[in-house]
Amino acid sequence: MGALAAACWGFVGGAALILGALAGLYLGIPRSALSLVMALGAGVLISSVAFELTAESYERGGFDAVAAGLLCGSLVFFAADLAVNRWGGRHRKSSRGRQSGGSAAAIAIGALMDGIPESAAIGISLLEGGGISLALVAAVFLSNVPEGLSSAAGMRRAGHSTRYVLGLWGGVAVASALAALLGNLFLAEASENVVAAIQSFAGGAILTMLASTMMPEAYEEGGESVGLATAAGFLLAFVLSRTG
């Protein structure tokens with residue numbers, strides 16, 4: 001039951017990409033507003049990494065697990081992101097339509113790569129029969145809405161069809177459910193140190209993703225005001241983590 005619940009909650013987080021994509025395709029939201037929403041989502045995820053993933057990882061495995069996992073997650077995402085960028089997926093989150101010159105496969109792989117660490121973290125949070133971390137699910141959901149929104153708006157400007165955009169994010173939502181399922185299933189019998197390292201690995205990947213994709217895109221469109229939106233998102237997630 002725990003693995004099934006993990007898959008369901010992983011899909012909930014991934015489904016936010018579809019909702020965001022629908023908004024990006026049909027609502028015509030200005031790019032400046034998109035940047036603020038994206039910055040809000042980035043702040044939410046930063047807070048979640050700090051107070052949900054890293055703190056819990058430290059309690060499970062201590063400093064060595066946190067350090068090893070965080071650094072490895074960051075390095076792996078950096079290398080994978082570099083490869084995807086060179087292949088044509090650099091502007092997969094852009095709302096300006098820069099995806100027109102990129103590889104469709106690279107954009108899809110990049111989208112999957114961005115979402116899997118978050119979903120795996122949701123699956124891990126359900127280990128040992130514990131309840132779901134609503135703060136973590138909310139963080140993933142709130143960050144995925146602007147990500148799907150911005151990317152879908154950009155893909156539409158780049159000439160991609162509605163079918164392509166919704167198919168891409170629908171696939172990512174399904175992959176998110178699968179990542180949460182596997183994260184819960186394969187770590188059910190793992191030691192505390194291993195689980196802690198994987199949690200930190202996900203945190204390192206998420207932080208690197210934020211710094212290399214979401215936050216630069218947000219700042220490019222919104223300027224200095226995105227700092228305030230990021231701080232607001234951080235505070236929102238912090239409150240959720242303490243009241244959830």
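Parameters at a glance
Residues numbered from 1 in each chain as written. Predicted model: local features only at pLDDT ≥ 70, side-chain atom pairs only at ≥ 80, totals over all residues. Heavy atoms only, no water. Phe/Tyr/Trp six-rings, centres within 6.5 Å; stacked < 30°, edge-to-face > 60°. Helix = DSSP H or I, 4+ residues; strand = E, 2+ residues; numbered from the N terminus. pLDDT = per-residue confidence, 0-100. Core = buried A, V, L, I, M, F, W, Y, C linked by side-chain atoms within 4.5 Å. Buried < 20%, exposed > 50% of the residue type's maximum accessible area, 1.4 Å probe, protein only. Polar contact = N/O pair within 3.5 Å; in protein donor to acceptor, adjacent residues only side chain to side chain. Salt bridge = Lys/Arg side-chain N within 4 Å of Asp/Glu carboxyl O.

Describing the packing of aromatic side chains
For any two aromatic rings, the description comes down to two numbers: the centre-to-centre distance and the angle of the planes. For the structure on display, the rule yields two aromatic pairs. An angle of 65 degrees between the planes, with centres 5.7 Å apart, marks the rings of Phe51 and Phe234 as edge-to-face. Note that Phe51 is positioned in helix 2 (residues 31-89) and Phe234 in helix 7 (residues 226-243), a separation of 183 residues in sequence. Pairwise contacts between aromatic rings join Phe51, Phe234 and Phe238 into one cluster.

Thoughts on the confidence of the model for the chain
On average, residues of the chain score 78 in pLDDT, and 84% of them are at 70 or above. When mean pLDDT is taken per element in the chain, helix 7 scores highest with 87 and helix 3 (residues 104-125) scores lowest with 67.

Remarks on the nonpolar core
Ranked by internal contacts, the top residues of the largest apolar core, which has 21 residues, are Leu53, Leu136, Ile206, Met209 and Leu210. Leu17, Met155, Trp169 and Val172 belong to the second largest nonpolar core, which has nine residues in total.

Quick look at the side chain of Arg60
Its place among the elements puts Arg60 in helix 2. Assessed through its relative accessible area of 15%, Arg60 is described here as buried. Among the polar contacts made by the side chain of Arg60, one reaches the side chain of Glu192 at a distance of 3.1 Å.

Description of the pattern of salt bridges
One pass over the full model with this rule turns up two salt bridges. Of the charged contacts, one joins Glu56 and Arg60 as a salt bridge, the two residues approaching to 3.3 Å between their closest N and O atoms. Here Glu56 and its partner Arg60 are both found in helix 2, four residues apart, which amounts to about one turn of the helix. A cluster of three or more residues bridged by salt bridges with shared partners is formed by Glu56, Arg60 and Glu192.

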